[in-house]
Amino acid sequence: MDVSVKNIRKEFDRYPALNDVSLDIRSGELIALLGPSGSGKTTLLRLIAGLETPTLGKIYFGTEDASHRTVQERHVGFVFQHYALFRHMTVADNIAFGLTVRPRGERPPKAEIQRRVGELLEMVQLSGLEKRYPNQLSGGQRQRVALARAMAIEPKVLLLDEPFGALDAKVRKELRRWLREFHDRTGHTTVFVTHDQEEALELADRVVVMSQGKIEQVGSSDDVYDRPNSPFVFSFIGDSASLPVSIEDGAVRFQNETIGIAPRGGDIASGDGTLFFRPQDVVLVSDPATPALEGRVSTSRRLAGTRIADIDVGKPGEPHHVEIEVPLDAQASTGTVLRFRPTRWKTFAA
Amino acid sequence: MTTSAAASGRWRLRQPSVIPGFGLTLGFSLAYLTLIILIPLAGLVWRSASLTGAEFLAILSDERTIKALEVSFGTAFVAALINVVFGVLVAWVIVRYEFPGRRIVDAIVDLPFALPTAVAGIALAALYAPNGWVGQVLNIFGIKAAFNPTGIVIALVFIGLPFVVRTVQPIMEEIDREVEEAAATLGANRFQTIRRVLLPGLAPAILTGFALAFARGVGEYGSVIFIAGNIPYVSEIAPLLIVIRLEEFNYGAATAIATIMLCLSFAMLLVINLIQTWNRRRYGHGA
């Protein structure tokens with residue numbers, strides 16, 4: 001089922017949590033809403049579910065306007081960060097809940113419900129635990145029960161609010177892989193919220209980067225990592241360094257000195273701006289005559305197969321701190337002066 | 001109470017713990033409970049033991065005693081049931097809705113705790129008597145709400161309400177909104193959510209509130225005697241009968257009735273506590 005969000009605005013006490021947000025979610029897609037806390041990602045998810053009503057704008061399920069449908073009518077599967085299981089019910093009763101609350105006419109017979117519960121338990125790999133109570137399960141198991149419960153109603157869309165947020169790192173990794181497989185097997189349109197970019201980049205077909213109630217960029221993992229379209233996305237996704245620069249006469253200048261790079265397509269053509277580059281996208285320059293960024297190493301540390309150097313570049317009075325990767329055999333001890341140049345970069349107007 | 005001797009593994013009074021003062025606090029609690037509750041109650045039983053078995057049985061099988069006990073436990077039970085329904089409702093309104101004067105409503109709930117019970121009894125009697133404000137209206141419908149067991153129930157409802165509200169309220173405040181939202185996304189309507197998701201979670205607190213209101217109702221004296229009419233065999237409560245026996249200097253009979261009340265109350269509270277424990281076990285809390 002396609003889901004379209006059209007020009008949604010949502011205010012809480014006059015403060016806009018979402019401001020003119022539009023998003024098209026394709027059928028069968030696994031999409032991540034990624035952003036820092038307060039960016040409005042959870043609000044967007046809850047609006048799609050019908051747990052909040054938009055101040056302005058519409059939400060379409062397929063071609064049908066679902067904006068005024070109640071939560072119950074929307075038929076979405078929702079998984080909460082803290083599971084929200086019914087603690088006085090067994091695992092089996094939890095999963096069966098969505099079926100047993102249906103009106104008498106639409107309710108499947110008892111045996112059928114039992115069969116469905118068995119199937120779902122197998123799907124989430126919890127067969128044999130149907131008689132347990134939520135308190136007797138681990139966090140990862142609880143979250144899978146919550147997922148099975150949401151799947152029981154055969155939802156049109158599966159919505160997950162920070163589904164792995166309350167789990168420890170190892171379980172989180174396992175469940176992440178498991179969710180990907182699960183999605184590929186069942187083919188549900190799935191939207192999940194996360195503030196963990198690694199999770200979003202690894203898991204999602206498309207990532208929606210959000211900040212301050214707006215969508216900054218929508219794209220594949222490669223798009224948002226390699227071709228960020230705003231300073232926010234560049235600094236939010238992955239590691240990056242930024243420097244204030246000006247562009248004059250076809251050259252990027254830092255503190256009025258050329259640094260050996262020229263603006264390219266996608267860069268601003270002239271004026272003041274900010275230069276962004278990733279720590280690994282630099283090359284050391286040994287020839288003192290070639291223009292480059294120059295700075296003194298303040299600390300350097302070994303990180304797995306590379307060495308990371310913290311460098312203060314620029315004039316002594318106004319140093320700018322950047323982090324770059326240097327080859328292991330390069331001289332980069334504290335106090336060394338290094339000259340380097342970004343190989344891939346992007347400038348944004350200041 | 002040395003622990004080394006108990007290490008054989010049978011009954012260990014003391015588990016190693018980082019929380020200090022186990023011996024001191026347990027000792028103090030036991031001494032306190034003994035002084036405040038157990039010694040007076042033991043004195044009561046002791047006094048009634050001065051009766052012979054036959055005398056004791058005679059007092060017990062006395063029609064008037066049996067009726068008084070029936071009235072006391074019956075009205076307390078009905079009042080506690082009524083309080084459960086409306087107490088939960090009041091707690092719900094206080095917890096769930098923001099409205100002007102909510103704090104005042106919250107404070108009013110405690111008034112029955114603070115008011116001298118006799119004052120409550122006189123006020124209720126004046127209101128519900130056939131010529132009182134409420135009594136007049138009820139009279140039109142042929143309902144007599146004072147000087148009969150109905151009057152007793154009204155007084156006990158008044159006295160018992162805060163017990164239910166104050167035990168249910170904190171648990172209700174802790175209900176996770178997400179659980180209700182989860183039920184809604186699964187298609188449950190409001191009524192189903194309350195009946196199948198919220199109430200079962202509140203059940204232990206409601207049961208405790210019921211037990212407290214019931215226990216209070218059984219022992220209530222001051223407010224009841226003004227509105228009950230105190231007609232022997234009809235609306236005479238057991239505590240009143242005890243007082244009557246005392247005034248007759250019939251201490252044996254008074255303590256015998258008291259002992260029976262004590263046993264019945266203890267048995268009922270014990271049963272309620274066992275239900276609670278069973279309930280907790282079932283949902284995997286604690287043990």
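Residues numbered from 1 in each chain as written. Chains lettered and ligands numbered in written order. Predicted model: local features only at pLDDT ≥ 70, side-chain atom pairs only at ≥ 80, totals over all residues.

Looking only at helices and strands, chain A has nine helices and 20 strands in total. A burial count over chain A gives 41% of its 350 residues as buried. Looking at chain A alone, contacts between residues at least 24 apart form 66% of all its contacts between residues at least 6 apart. (Helix = DSSP H or I, 4+ residues; strand = E, 2+ residues; numbered from the N terminus. Buried ≥ 20, exposed ≤ 12 C-beta atoms within 10 Å, placed from the backbone. Contact = placed C-beta atoms within 7 Å.)

Along chain B, the regular secondary structure elements total 13 helices and zero strands. Taken over 287 residues, chain B has a buried fraction of 31%. If you take every contact in chain B between residues at least 6 apart in sequence, the share linking residues at least 24 apart comes to 75%.

Right, let's get into helix α6 (residues 169-186) of chain A. Residue and element names in this part refer to chain A. Look at α6: 25 Å from first C-alpha to last across 18 residues, which is about the 26 Å you get at 1.5 Å a residue. Along α6, the positions that sit buried rather than exposed are L175, L179, F182 and H183. Within α6, the buried residues cover an arc of 95° as seen down the axis, which keeps them to one side. When the buried face of α6 is taken as reference, the exposed residues oriented beyond 90 degrees from it are K170, R177, E181, D184 and R185. Turning to α6, the residues buried within the fold contact β3 (30-34), α5 (139-151), β8 (189-194) and α7 (197-203). One or two positions beyond α6, positive phi appears at G187, with a value near 70°. (Expected span 1.5 Å × (residues − 1). Arc of directions from axis to C-beta.)

Residues and elements named next belong to chain A. Sheet architecture is open: five strands sit in the order β13-β12-β11-β14-β20, paired in antiparallel fashion. Edge positions in the open sheet fall to β13 (257-258) and β20 (346-349), since each of these has one partner strand only. As paired strands, strand β12 (residues 251-254) and β13 are joined by two bridges and run antiparallel to one another. Residue pairing across strands places R253 opposite T258, the latter belonging to β13. (Pairing = 2+ DSSP bridges.)

Time to look at the interface of chain B and chain A. Counting from both sides, the interface comprises 18 residues of chain B and, opposite them, 21 residues of chain A. Of all the secondary-structure elements, those providing two or more residues to the side of chain B that touches chain A are α9 (177-185) and α10 (190-219) of chain B. Partitioning the side of chain B that touches chain A into residue classes produces eight nonpolar, seven polar and three charged. (Nonpolar A, V, L, I, M, F, W, Y, C, P; charged D, E, K, R; others polar.)

Residues and elements named next belong to chain A. Despite not being glycine, D20 shows a phi value in the positive range, around 50°. Relative to the assigned elements, D20 resides in strand β2 (residues 15-25). The exposure class of D20 is partly exposed, given the 14 C-beta atoms found within 10 Å. Of note in the backbone geometry, A304 takes a positive phi value of approximately 50° without being a glycine. Within the element layout of this structure, A304 appears in the loop between β16 (293-303) and β17 (306-313). The exposure class assigned to A304 is exposed, which follows from the 6 C-beta atoms found within 10 Å.

The next thing to look at is the environment of F249 of chain B. Residues and elements named next belong to chain B. Tracing the sequence through the fold places F249 in the loop between α12 (238-247) and α13 (251-282). With 8 C-beta atoms counted inside 10 Å, the residue F249 sits in the exposed group. In sequence terms F249 and A91 are 158 residues apart; their C-alpha atoms lie 45 Å from each other.

All names here are of chain B. Along its 27 residues, helix α1 (residues 22-48) runs 37 Å from first to last C-alpha, staying within 8% of the 39 Å computed at 1.5 Å per residue. A bend of about 45° at T34 is the largest found in α1. Burial analysis of α1 places just one of its 27 residues in the buried class, which makes it a mostly uncovered element. (Bend = angle between axes of the 7 residues up to and from the residue.)

A few words on the nonpolar core. Of all hydrophobic cores here, the largest spans 105 residues; its most connected members are A32, I48, I95, L159 and V208 of chain A. In this structure I48 of chain A touches V3, V5, I59, L159 and V191 of chain A, once residues within four positions along its chain are discounted. Within the second largest apolar cluster, 56 residues are counted, among which are A79, A145, L202 and V224 of chain B. (Core = buried A, V, L, I, M, F, W, Y, C linked by C-beta atoms within 7 Å.)

Further remarks concern the sheet that holds strand β4 (residues 56-61) of chain A. Residues and elements named next belong to chain A. Pairing in this open sheet of four strands is antiparallel, and the strands run β2-β1-β4-β5 from one edge to the other. Here the strands that pair on one side only, and so sit at the sheet edges, are β2 and β5 (64-65). Of the strand pairs in this sheet, β4 and β5 are connected by two bridges, and their pairing is antiparallel. Bridging across to β5, F61 finds its partner in E64. Helix-sheet contacts for helix α1 (residues 41-49) involve β1 (3-12), β2 and β4, and the interaxial angle to β1 is about 115°. (Axes fitted to C-alpha atoms, helices over the stretch in contact; angles between N-to-C directions.)

All names here are of chain A. Here strand β19 (residues 337-342) shows one buried face, formed by L338, F340 and P342, and one open face, formed by V337, R339 and R341. As defined by bridge partners, strand β15 (residues 282-284) adjoins β19 across three bridges and the pair is classed as antiparallel. By the bridge assignment, L284 is partnered in β19 with F340.

Looking now at the pairing of β12 of chain A. Residue and element names in this part refer to chain A. Here β12 shows one buried face, formed by V252 and F254, and one open face, formed by A251 and R253. Relative to β12, strand β11 (residues 241-248) runs antiparallel, the two being bridged by three bridges. When the bridges of β12 are listed, I247 appears paired with V252. The hairpin turn running from β11 into β12, its antiparallel successor, is two residues long, and D249 in that turn takes a positive phi close to 50°. Counting the residues between successive antiparallel strands, the hairpin from β12 to β13 contains two residues, one of them, Q255, with a positive phi of roughly 50°.

Attention now moves to the confidence of the model for chain B. Residue and element names in this part refer to chain B. Across chain B, the average pLDDT comes to 88, with 93% of residues at or above 70. Taken as a whole, residues 1-9 scores under 50 in pLDDT and shows six contacts with residues more than four places along the chain or in a different chain. At the level of chain-chain contacts, confidence expressed as ipTM amounts to 0.84, with global pTM at 0.80. (pLDDT = per-residue confidence, 0-100.)

Further remarks concern the confidence of the model for chain A. Summing up the model confidence of chain A, the mean pLDDT is 91 and the portion of residues at 70 or higher is 100%. When mean pLDDT is compared element by element in chain A, strand β9 (residues 206-211) of chain A scores highest at 96, while α6 of chain A scores lowest at 87.

Residues and elements named next belong to chain B. Two numbers describe how α1 lies on α13: the axes approach to 8 Å, and their chain directions differ by 125°. One way to sum up the angle between α1 and α13 is to call them oblique. Remark: the crossing between α1 and α13 carries left-handed chirality. In this structure, α1 contributes L41, L44, V45, R47 and S48 to the contact, and α13 contributes Y251, G252, T255, A256, A258, T259 and L262. (Parallel < 35°, antiparallel > 145°, perpendicular 65-115°, else oblique. Left-handed = near helix turned anticlockwise from the far one by under 90°.)

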